[in-house]
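Architecture at a glance
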Amino acid sequence: PTRRSSDLDDLLKVASDLLEHQDKKGSIHQAYNHGVAKGPLQGTYQAIQTWRQAYARTADDRWLTAAARGESYIQATIDGWYKTPTADLQHVNYAMLGLLAAGVGSTEKVVTDLQAKLLKGQNEDGGFPMTFGGGSSALATGQTLYTLRRLGMNDSDESIRKATEYVIEHQQADGGWSDSGGEKAEAMWAVLEIGRAHV
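Figured I'd write up the structure that's included with this text. (Residues numbered from 1 in each chain as written. Predicted model: local features only at pLDDT ≥ 70, side-chain atom pairs only at ≥ 80, totals over all residues. Heavy atoms only, no water.)

**Re the overall build of the protein chain**
The number of helices and strands found in the protein chain is eight helices and two strands. Each helix and strand of the protein chain, ordered N terminal to C terminal, gives the series α-α-α-α-α-β-β-α-α-α. When each of the 199 residues of the protein chain is scored for burial, the buried share is 45%. Accessible area for the protein chain stands at about 10500 Å²; split by element, carbon and sulfur atoms hold 52% of it. (Helix = DSSP H or I, 4+ residues; strand = E, 2+ residues; numbered from the N terminus. Buried < 20%, exposed > 50% of the residue type's maximum accessible area, 1.4 Å probe, protein only. Areas by Shrake-Rupley, 256 points an atom, 1.4 Å probe, with all protein chains shown as cover.)

Have a look at this one:
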């Protein structure tokens, strides 16, 4: 088989495996939930991305159905935040990325509300915290930059400029950003954003 067909086979296998793990609420639960692994919001966002890619290559409606169920779970989670706001900035990022992956427009109220929440959480030093109100984190800052850029923001926006400067200024001599245990995730988000800022 050609590499292209092999890649498609791999994609569809992963998409099918994820479908088997989707629960009745539409979410994908991860066995590990700590630090850089953020539970069902992250898992559902990534599954929606996979299903949308599977649909784009096969036009099989079952992938759209799975993605729509995932979107419903994310929407329901966000609805709960209006009553009990989440303190976890990564949850907001993954919820927004999940909505965008599902095809929700960046100007829809649910997305603009989340965007405003993220921007309000930016610290004076330009960074973003893991927990709203906390100290700045390279991981949270890189991830939030990625999310905000997906919404169409760019270096002409002061919040993007300040956050990018924070990431660059906090790189350590060894090329990483910390030794906190999540250093690979921090480096991944930071490199993604430094690269995007300079292309």
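**Some remarks on the packing of helix H2 (residues 39-58) against helix H3 (residues 61-83)**
Helix-helix packing is characterised by the crossing angle of the two axes and by the distance between the axes. Contact geometry for H2 and H3: axes closest at 8 Å, N-to-C directions at 155°. In terms of orientation, H2 and H3 fall into the roughly antiparallel class. Crossing angle aside, the handedness with which H2 passes H3 is left-handed. In this structure, H2 uses Pro40, Leu41, Thr44, Ile48, Trp51, Arg52, Ala54, Tyr55 and Thr58 to contact H3, whose residues at the interface are Asp61, Trp63, Leu64, Ala66, Ala67, Gly70, Glu71, Tyr73, Ile74, Thr77 and Trp81. Looking at the contact of H2 with H3 residue by residue, the class counts come to 13 nonpolar, four polar and three charged. (Axes fitted to C-alpha atoms, helices over the stretch in contact; angles between N-to-C directions. Parallel < 35°, antiparallel > 145°, perpendicular 65-115°, else oblique. Left-handed = near helix turned anticlockwise from the far one by under 90°. Contact = heavy atoms within 4.5 Å. Nonpolar A, V, L, I, M, F, W, Y, C, P; charged D, E, K, R; others polar.)

**Overview of the packing of aromatic side chains**
Summed over all chains, the structure comprises one aromatic pair. Where tyrosine 45 meets tyrosine 94, the ring centres are 5.8 Å apart and the plane angle is 35°; that geometry is what we call tilted. Of this pair, tyrosine 45 sits in helix H2 while tyrosine 94 sits in helix H4 (residues 89-102), placing them 49 residues apart in sequence. Here tyrosine 94 falls in the buried class, since its relative accessible area comes to 3%. For lysine 117, the ring lying beneath its charged end belongs to phenylalanine 132, and the centroid distance is 4.5 Å. (Phe/Tyr/Trp six-rings, centres within 6.5 Å; stacked < 30°, edge-to-face > 60°. Lys NZ or Arg CZ within 6 Å of the ring centre and 35° of its normal.)

**Focus: the pattern of salt bridges**
This model, assessed by the stated rule, comprises six salt bridges. Taking the shortest distance from any N to any O, the salt bridge between aspartate 17 and lysine 13 comes out at 3.1 Å. On the criterion of helical spacing, the pair formed by aspartate 17 and lysine 13 is a turn pair, its members being four residues apart in helix H1 (residues 3-21). When its relative accessible area of 53% is taken as the criterion, lysine 13 is described as exposed. A salt bridge links arginine 149 to aspartate 155; its shortest N-O distance comes to 2.7 Å. In this structure arginine 149 comes out as buried when scored by relative accessible area, which is 9%. One continuous salt-bridge network, built from bridges that share partners, spans Glu158, Arg161 and Glu165. (Salt bridge = Lys/Arg side-chain N within 4 Å of Asp/Glu carboxyl O.)

**Comments concerning the nonpolar core**
The biggest cluster of nonpolar side chains holds 44 residues, and the ones touching the most others in it are Trp51, Ile74, Ile78, Leu99 and Leu114. Elements supplying a minimum of two residues to this core: H1, H2, H3, H4, helix H5 (109-120), helix H6 (138-150) and helix H7 (158-169). If sequence neighbours within four positions are ignored, isoleucine 78 has contacts with Ala95, Leu99, Val110 and Leu114. (Core = buried A, V, L, I, M, F, W, Y, C linked by side-chain atoms within 4.5 Å.)

**Points about H7**
When the terminal C-alpha atoms of H7 are compared, their 16 Å separation across twelve residues agrees well with the 16 Å that a helix rising 1.5 Å per residue should span. For H7, the set of buried residues is Ser159, Ile160, Ala163, Thr164, Tyr166 and Val167. Here the buried residues of H7 occupy an arc of 155° about the axis, which is enough to place them on one side. What points out from H7, more than 90 degrees from its buried face, is the exposed set Glu158 and Glu169. (Expected span 1.5 Å × (residues − 1). Arc of directions from axis to C-beta.)

**A closer look at the packing of H5 against H6**
For the pair H5 and H6, the least separation of the axes is 11 Å and the interaxial angle reads 145°. The interaxial crossing formed by H5 with H6 has left-handed handedness. On H6, the residues that touch Gln115, Leu118 and Leu119 of H5 are Thr144, Thr147 and Leu148. Of the residues contributing to the contact of H5 with H6, the split by class is three nonpolar, three polar and no charged.

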